[in-house]
Amino acid sequence: MMSNHYTICQCAFSFSVRLMMVFIRAYSNRSCNALSVASTRCSLLKGYLDSRKNQKCQKYSTNAGILPKNCKVAICGGGVMGASVAYHLAQLGWGPQTIVIEQDKLGGGENSFSSDLVGVFKPTLSQVRLCQSSVKLYQELESQGFQTGWKQCGSLCIARTRDRMIVFQRMKSQSVSWGIKCEIIDPQKAKELCPLIRIDDIKGALWIPEDGVADSYKICLSLLEAAKQKGVVVLENCKLLEVVCDNGKVVAIDTSMGSVDCDYYVNCGGFWARTIGQRSNPSVKIPLHPVEHYYLRTNPIPNLDSQTPVVRDQDGSIYFRELNGCILAGGFELEAKPAFENAKCPDTSAGRQLLADWDHFHVLLEQLLHRVPSLANASLDNLVNIAETFTPDCKWIVGQAPEIANYYVAAGMKTVGISAAGGVGQGVAQTIVNGYSQYDLYELEMSRFLGLHNNRRFLRDRVREVPGRHYSIQYPNNEFKTGRNLRMSPIYPKLKEAGAVFEQVMGYERPTWFEPELSKDHLHTYTNTREFTMAKTNTFGKPDWFDIVEAEYEACRENVSLLDYSSFTKLDIQSKGREVVDLLQYLCSNDVDVPVGSIIHTGMQNIRGGYENDCSLIRLSENHYMMIAPTIQQTRCKIWIQRHLPSDNSVSLTDVTSMFTAICLMGPFTRHLLSEMTETDLSPKSFPFFTYKELDVGLANGIRALNLTHTGELGYVLYIPNEFALHVYNSLIQAGKKYNLKHAGCYAMKALRVEKFYAFWGQDLDTSTTPLECGRSWRVKFDVRAIKC
């Protein structure tokens, strides 16, 4: 094999034909070696299987190629995630009732590519707990004699800027309650921990001594071996053809080796999870899209310390680690390059490997050479470009699919699956066996998505910026720039004219604050061509919008303000008889059997008393309720109710979110303003707080008016049929001039509700928070007679 004497520096700055030929020849030789190894392994495997033919095959033999006729759990995907789910199911006693199928080689084969970094610091406590459980699992496997490649070398995160140091200081503060050992160190100490790095341009660093690295391939095989010892069936070269459903529930899987009846199915397909989600009826929407991702590896470097820590230079978008005497390096560029945009994704792991694009990798390579100058003299082994999948919000996907009962997903791990595989596998296994997990996984569940998030064009555009979020500074209220202007209320153009600056929630554009200068620009141009303006807060200090939001806050408290609530989730629930009342009495912790026209604020509790939903119910008639829930609950609360609907279809559930525009009038003079727009008596005696009336406003009718604001301030929320929305908005603006009506955004609304502790689900409440913990025990009625539907 021809040796490669070119340095990394020459690779970075010279793209001559001769150099490219060297790489091609080197790659060809490695491919030949890989084929030789694969051929040898196939021969050994064939010989082993032949020898097994003369033995009596046990019912759950994992090596005889026998597919059981039935099982409790079928897992698709023989990677580290699928292996972890199988291992933990076996630990819970379900080993003999679990099978794992893999369309190719387990763990992707020995030549699979991964950085194998194991870092416990993640954005939220739930994710941290998953990673801590993973580290604990790998250490336990090592103590039991299984190979994992675990090495506790520590992580060194360095900061080039003051804001990055603020991030590290916050992490240090969080580490106390999160149980993570770490310390802020100066540049000289960082140099002592890793002599390779250049420190003249850094402010300091964060040292996390209990982080490390592992070998995902070894961990995968070890987990599967431990699972097989407890009866789990593991099959390679077994392709999933279809997940068979009956009445919205998993009943079987069809594979290239035959069919298996099963009660639960887990999609751990990794790169192929989205495609696998389409192999059922209804299909399961798993929003993932591949991008090109690079791993650079040097040849052995003399005297390289095997305990060299993992170094993350997030301001340079790069990382590197020691691997068998070599340096493995990569990064997350600010603008990623989507892969397989117009072509079908490959069926095998080998098909994920793409041609190296040195021009694209050049940005990261420059940063590597800057941070580790000695790399310029290192000899390059190879640069691997492998397609990796990312979610549209830069979070993992874990939990039950909204479309099909007992269909679970553990995917979208964003190249760092090994960090969380142990915890995620345990969480999924516990949920299947017990109905709930020790981890609060609500933020990772698939119910955070809508169908629009699975649109291929949306995903293609969004994943360009998602990988860069791994290492970019996450300022408060950070917004994505792609996939915008998808869901907009009918009054959106008018809000834009008024100077609205928008954030996006569940694809919905809603105003965060109103910029006076933007409104003036519109008045000067006399057109509706003002560019869409996105909210941003590029500081940890006082933001530019602070004084503007303060003025909006004061208007809500002291005058009259208009806010757009259109993004809130709206569901209609009704029946012919009392079935809907019985259903809601069973689901809700408060008493919903109240007089028509009343509004009930209630939680929907799970078996542990945690909030699955926190909402307002308006009793429109004896057997008809309208539910108002947080925007992020649109999929979640609908699915939660659907799964408890009576089997006789006596209760209907309709998502009417897109049918109504919601305008909130807030402030002490709102009754005076609205009284000028309607004939209905709005006096406290006729229209008391927490009640509902149907009003005419201006020339429009059929408007559902609620005497509440969700913030504790005086005011009303008007749910307006979309065809009347512009008319009502214009009428309110015109009538509001003498009251000095002011627009306000959701930042002012958040400030108002926080000061009165009007808790919101997903921000203050989650699936582990009970009413007693958040001061809402008075909204729980234990004496209500509930009938299970």
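Residues numbered from 1 in each chain as written. Predicted model: local features only at pLDDT ≥ 70, side-chain atom pairs only at ≥ 80, totals over all residues. Heavy atoms only, no water.

> Describe the overall build of the protein, listing the residues and the values that go with them.
Secondary structure summary: the protein contains 19 helices and 33 strands in total. Put simply, the protein has 789 residues, and 57% of those count as buried. Within the protein, counting contacts between residues at least 6 apart in sequence, those at least 24 apart form 72% of the total. Of the roughly 33,300 Å² that the protein leaves accessible, carbon and sulfur atoms contribute 51%. (Helix = DSSP H or I, 4+ residues; strand = E, 2+ residues; numbered from the N terminus. Buried < 20%, exposed > 50% of the residue type's maximum accessible area, 1.4 Å probe, protein only. Contact = heavy atoms within 4.5 Å. Areas by Shrake-Rupley, 256 points an atom, 1.4 Å probe, with all protein chains shown as cover.)

> Would you mind going over the pairing of strand β4 (residues 155-159) in detail, with residue names and values included?
Burial of β4 is extensive: 5 of the 5 residues sit out of reach of the surface. A two-sided burial pattern is seen for β4, the buried positions comprising S155, C157 and A159 on one face and L156 and I158 on the other. Note that β4 and strand β6 (residues 204-208) share 5 bridges and pair antiparallel. Note on β6: the bridge partner recorded for S155 is I208. Examined bridge by bridge, β4 and strand β14 (residues 310-313) share 3 bridges and lie parallel to one another. Bridge pairing in β14 links L156 to V311. (Pairing = 2+ DSSP bridges.)

> Can you tell me about the pattern of salt bridges, naming the residues and giving the values?
Going through the model one piece at a time under the given rule, you end up with 32 salt bridges. For the salt bridge of D393 with R448, the shortest nitrogen-to-oxygen distance reads 2.6 Å. Here the residue D393 occupies a position in the loop between β18 (380-390) and β19 (397-400), and R448 occupies one in the loop between α10 (417-434) and α11 (456-462), the gap between them amounting to 55 residues. Given a relative accessible area of 23%, D393 falls into the partly exposed group. The closest approach of N and O atoms between R578 and D593, which form a salt bridge, is 3.3 Å. (Salt bridge = Lys/Arg side-chain N within 4 Å of Asp/Glu carboxyl O.)

> Can you explain the nonpolar core? Please cite residues and give values.
Among the nonpolar cores identified, the biggest contains 68 residues, and I75, V266, W396, V424, V428 and I432 are the most heavily contacted of them. If you tally residues by element for this core, the top one is helix α3 (residues 80-91), at 8 residues. When residues of this core are sorted by domain, at least three fall in each of domain 1 (70-110 + 218-287 + 395-456) and domain 2 (150-212 + 289-389). Sequence-distant contacts of V266, that is, excluding residues within four places in its chain, are made with V73, A74, I75, C76, V85, Y408, V428 and I432. Residues C76, V284, V409 and M446 belong to the second largest nonpolar core, which totals 35 residues. (Core = buried A, V, L, I, M, F, W, Y, C linked by side-chain atoms within 4.5 Å. Domains from an automatic or database assignment.)

> Break down the sheet that holds strand β1 (residues 73-76) for me, citing the residues and quoting the values.
Within a sheet, adjacent strands bond to each other through the backbone by hydrogen bonds, running parallel or antiparallel. Taken in spatial order, the 6 strands line up as β8-β2-β1-β12-β20-β19 in an open sheet, and their pairing is mixed. In this open sheet, the two strands that pair with only one neighbour each are β8 (233-235) and β19. Here the average twist between neighbouring strands, direction ignored, is 15 degrees. Across 4 bridges, β1 lies against strand β2 (residues 98-101) in parallel orientation. (Axes fitted to C-alpha atoms, helices over the stretch in contact; angles between N-to-C directions.)

> Explain the side chain of S575 residue by residue, including any values.
Here S575 shows up in strand β24 (residues 569-575). Using a relative accessible area of 14% as the deciding quantity, one classes S575 as buried. A polar contact is formed between the side chain of S575 and the backbone oxygen of G577, at a distance of 2.7 Å. The contacts of S575, once residues within four sequence positions are left out, are V580, N623, S650 and V651. (Polar contact = N/O pair within 3.5 Å; in protein donor to acceptor, adjacent residues only side chain to side chain.)

> Requested: an account of the pairing of strand β21 (residues 500-505), with residues and values cited.
Burial analysis of β21 places 6 of its 6 residues in the buried class, the great majority of the element. Side chains of β21 alternate between two faces, with A500, F502 and Q504 and V501, E503 and V505 buried alike. Of the pairings in the sheet, the one linking β21 to strand β22 (residues 508-514) comprises 6 bridges and is antiparallel in character. Among the inter-strand pairings, E503 is bridged to a residue of β22, identified as R510. Between β21 and the antiparallel strand that follows it, β22, lie 2 residues; M506 among them carries a positive phi value of about 50 degrees.

> Lay out the sheet that holds strand β25 (residues 599-605) with the relevant residues and their values.
Across the sheet, 5 strands lie side by side as β25-β26-β27-β24-β28; this open sheet has antiparallel pairing. Among the strands making up the open sheet, the edge pair consists of β25 and β28 (651-655). Adjacent strand axes in the sheet meet at a mean angle of 30 degrees, parallel and antiparallel pairs treated alike. Pairing of β24 with β28, which is carried by 5 bridges, proceeds in the antiparallel orientation. Bridge pairing in β28 links S575 to V651. Each of β24, β25, β26 (611-621), β27 (624-629) and β28 is contacted by helix α15 (residues 579-587), which is oriented at about 130 degrees to β24, the strand it contacts most. Where helix α16 (residues 634-642) meets the sheet, it contacts β24, β25, β26, β27 and β28, and its direction lies at approximately 20 degrees from that of β24.

> Describe helix α9 (residues 358-371), listing the residues and the values that go with them.
Its 14 residues place the ends of α9 19 Å apart at the C-alpha level, agreeing with the 20 Å of an ideal helix rising 1.5 Å per residue. Taken together, the buried positions of α9 are W358, F361, L364, L365, L368, L369 and R371. Two to three positions downstream of the cap, the backbone nitrogen of D359 sits 3.1 Å from a side-chain oxygen, assigning the N-cap of α9 to D357. (Expected span 1.5 Å × (residues − 1).)

> How would you explain unusual backbone geometry if you had to name every residue and give the values?
The omega torsion of the bond from N281 to P282 falls at 5 degrees, within 30 degrees of zero and hence cis. For N477, which is not glycine, the phi dihedral falls at a positive 60 degrees. Assignment of secondary structure puts N477 in the loop between α11 and α12 (492-497). A relative accessible area of 32% means that N477 is categorised as partly exposed.

> So what about the packing of aromatic side chains? Which residues, and what values?
Two aromatic rings, taken as a pair, are described by how far apart their centres are and by the angle between their planes. Using the criterion set out here, one finds 20 aromatic pairs in the structure. Note on Y294 and F361: the rings are 5.4 Å apart at their centroids and 40 degrees apart in plane angle, and the pair reads as tilted. Here the residue Y294 occupies a position in strand β13 (residues 289-298), and F361 occupies one in helix α9, the gap between them amounting to 67 residues. Across the pair, exposure class does not vary: Y294 and F361 are buried alike. Taking the centre distance of 6.3 Å and the plane angle of 40 degrees together, the rings of Y319 and F332 count as tilted. A residue pair is termed long-range when its members are at least 10 positions apart, and Y319 in strand β15 (residues 318-323) and F332 in the loop between β16 (326-331) and β17 (353-354) qualify at 13 residues. When its relative accessible area of 4% is taken as the criterion, F332 is described as buried. One aromatic cluster is present, built from ring pairs that chain together W94, Y264 and Y408. For R469, the ring lying beneath its charged end belongs to F480, and the centroid distance is 3.7 Å. (Phe/Tyr/Trp six-rings, centres within 6.5 Å; stacked < 30°, edge-to-face > 60°. Lys NZ or Arg CZ within 6 Å of the ring centre and 35° of its normal.)

On their own, these measurements won't tell you what the molecule is for.
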